[in-house]
Amino acid sequence: MTGELAVQLRGVTKEGRRKPIGPIDLDIPAGYVVALVGPNGAGKSTLMHLMLKTLQQDEGQVEWFGKQYERGLPVEVQRKIAYVPEVPIYEENYLTAEKAGEFRSKWYPAWDAGRFEELLNRFGVPRGIRLAKMSKGERRKFEISAALACRPKLLLLDEPSSGLDPFAWKEMIESLRTLLEEEGITIILSTHIVEEVKRLADYIVLVYQGQVHGMVEKDMLLGCFQEWWIRGGAEEAARLKGLSSESGPGMMRIMVGCPEETESIAAREGIEVLRKRSLELEEALDLWMKGHLPEQLKWKRGI
Amino acid sequence: MWIPIQINESSAEPLYHQIETQLRSMIVSGQIGEGTLLPSIREFAGSLNCSAITVRRVYQDLENEGLLRTKQGTGTFVAKVEESQRGAFKQTLVMEALEAAADAAISLQYSKEELLDLFMQVLGRKYEDKGKGGDQK
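The sections below set out a description of the structure shown in this document. (Residues numbered from 1 in each chain as written. Chains lettered and ligands numbered in written order. Predicted model: local features only at pLDDT ≥ 70, side-chain atom pairs only at ≥ 80, totals over all residues. Heavy atoms only, no water.)

## Details of the overall build of chain A
And step 1. Across its full length, chain A carries eleven helices and 13 strands.
And step 2. Judged by the C-alpha coordinates and their principal axes, chain A covers about 70 × 40 × 40 Å.
And step 3. Buried residues in chain A amount to 50% of all 303 residues.
And step 4. Summing over all exposed atoms, chain A offers an accessible surface of approximately 14,500 Å²; the carbon and sulfur share of this is 50%.
And step 5. Across chain A, 42 positive and 46 negative side-chain charges occur, with their mean positions spaced 4 Å apart. (Helix = DSSP H or I, 4+ residues; strand = E, 2+ residues; numbered from the N terminus. Buried < 20%, exposed > 50% of the residue type's maximum accessible area, 1.4 Å probe, protein only. Areas by Shrake-Rupley, 256 points an atom, 1.4 Å probe, with all protein chains shown as cover. Lys, Arg positive; Asp, Glu negative; His and termini not counted. Charge placed at Lys NZ, Arg CZ, Asp CG, Glu CD.)

This is the structure in structure tokens:
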């Protein structure tokens, strides 16, 4: 949390097989958890590959910890980065968890065999059987254990919880939190699980149709939409300039996108507010996706 | 280390404000004593399910108010609270409670006189109880 950036993308584009990505501008502040959310096929995984340099952008620049690298990431930078892909790599299919760990330890000098062992036990990853023979969830547990054992500075997780049982999911959240507390790492995760965003993320990035639709502080997003019940009818609701409204018995229910502004209108116009509630993260994300996010909430560099 | 803060997720009050208000009240009222080491930003954020940015903002605000101090490398501690600060804070708390009561009455279309009448009844009962030793608070 020093104001430095772990990854920075400037005007990055990539002509995909299915659709073009970008141009993307994105700052990932070091020491924070950034969640990439958006519908299937929005470009989240591609974005991760661009940040791993396993995909080369067509245009634009990417920086890692303040530096650009033209031809592939140097080994010392690669060693700071761990990645859990959506689909595991097949090269390790015929290895057991122990053997695969040994193999990876040769690549990562900071490999923490003690932590690897502990995580395999905590998650209950089966020993002595090939990774390919494991269930999807078991394999996932191995992948997460191995990624954390690398002691990375930057950790990318592509839908880490898919296939995990609820107990393992909780263990994963706890392990990631411990890592954040003790080592101040940067985590970028893509997810469809709102609860995961809620428990882990500091910032949320909305990815949609190959574009980044801004980055906001999670808690700001939670605070920015409210549901109000007011006395009156459609006329009163219109004066408050809500996002949408619905009529009830002598009252209106309206969706408010900028509570402070609406509050001053309500006070000025003498509109009586009966009740208010903040929206759930899921509802707020939905409104954001529909384009209702107030512009001033978007994270700008240097704030 | 945990701090008994309760977040009301559906409250219209922003998260950081809820945390800040509760933490401030615990410090000024003396529930958390001078010199207490608070949880790290990450730890606190984790236990409250809020972002590290929010906790950092709360710590910074309370540090600016002189209620907390941060020692580089060791963490954030509760500072000494002056008597005058305590007095002013108590008054603010009572004032807020009274205002909330007035707001409730206004929204139910009570007149000032009706509210005052009710208020005097409540006062009579509460302070009488207290006089009998019924309410030790």
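## A look at the nonpolar core
All names here are of chain A.
And step 1. Among the nonpolar cores identified, the biggest contains 55 residues, and Phe-142, Leu-155, Ile-187, Ile-204 and Leu-221 are the most heavily contacted of them.
And step 2. Looking at which domains feed residues into this core, each of domain 1 (5-95 + 151-209) and domain 2 (221-297) gives three or more.
And step 3. Those residues within four positions of Leu-221 in sequence are excluded, and the remaining contacts are Ile-204, Val-216, Leu-281, Ala-284, Leu-285, Trp-288 and Leu-293.
And step 4. One finds Val-12, Ile-28, Val-34 and Ala-42 within the second-largest nonpolar core, a separate group that totals 34 residues. (Core = buried A, V, L, I, M, F, W, Y, C linked by side-chain atoms within 4.5 Å. Domains from an automatic or database assignment. Contact = heavy atoms within 4.5 Å.)

## Overview of unusual backbone geometry
Residue and element names in this part refer to chain A.
And step 1. Here the residue pair Gly-22 and Pro-23 is connected by a cis peptide bond, since its omega of 5 degrees sits within 30 degrees of zero.
And step 2. Relative to the elements of secondary structure, Pro-23 occurs in strand E2 (residues 20-29).
And step 3. Of note, the phi angle at Phe-65 is positive, near 45 degrees, even though the residue is not glycine.
And step 4. As for its placement among the helices and strands, Phe-65 is situated in the loop between strand E4 (59-64) and helix H2 (75-78).

## Focus: the interface of chain B and chain A
And step 1. Taken residue by residue, the interface counts 19 residues in chain B and 22 residues in chain A.
And step 2. Across the interface of chain B and chain A, roughly 1,800 Å² is buried in total on both sides, 45% from carbon and sulfur atoms.
And step 3. Three residues, B:Arg42, B:Asn49 and B:Ile53, lead the burial of chain B against chain A; their summed loss comes to 36% of the area buried on that side.
And step 4. Inspection of the chain B/chain A interface yields two salt bridges.
And step 5. A salt bridge links B:Arg42 to A:Asp202, with the shortest nitrogen-to-oxygen separation between them at 2.5 Å.
And step 6. Taken together, the connections running from chain B to chain A amount to ten residue pairs in polar contact (both at pLDDT 80 or more).
And step 7. Looking at the side of chain B that touches chain A, the elements that each hand over two or more residues are helix H2 (41-48) and helix H3 (52-64) of chain B.
And step 8. It is H3(B) that provides the largest number of residues to the side of chain B that touches chain A, a total of five residues. (Buried area = accessible area lost by both parts, 1.4 Å probe. Salt bridge = Lys/Arg side-chain N within 4 Å of Asp/Glu carboxyl O. Polar contact = N/O pair within 3.5 Å; in protein donor to acceptor, adjacent residues only side chain to side chain.)

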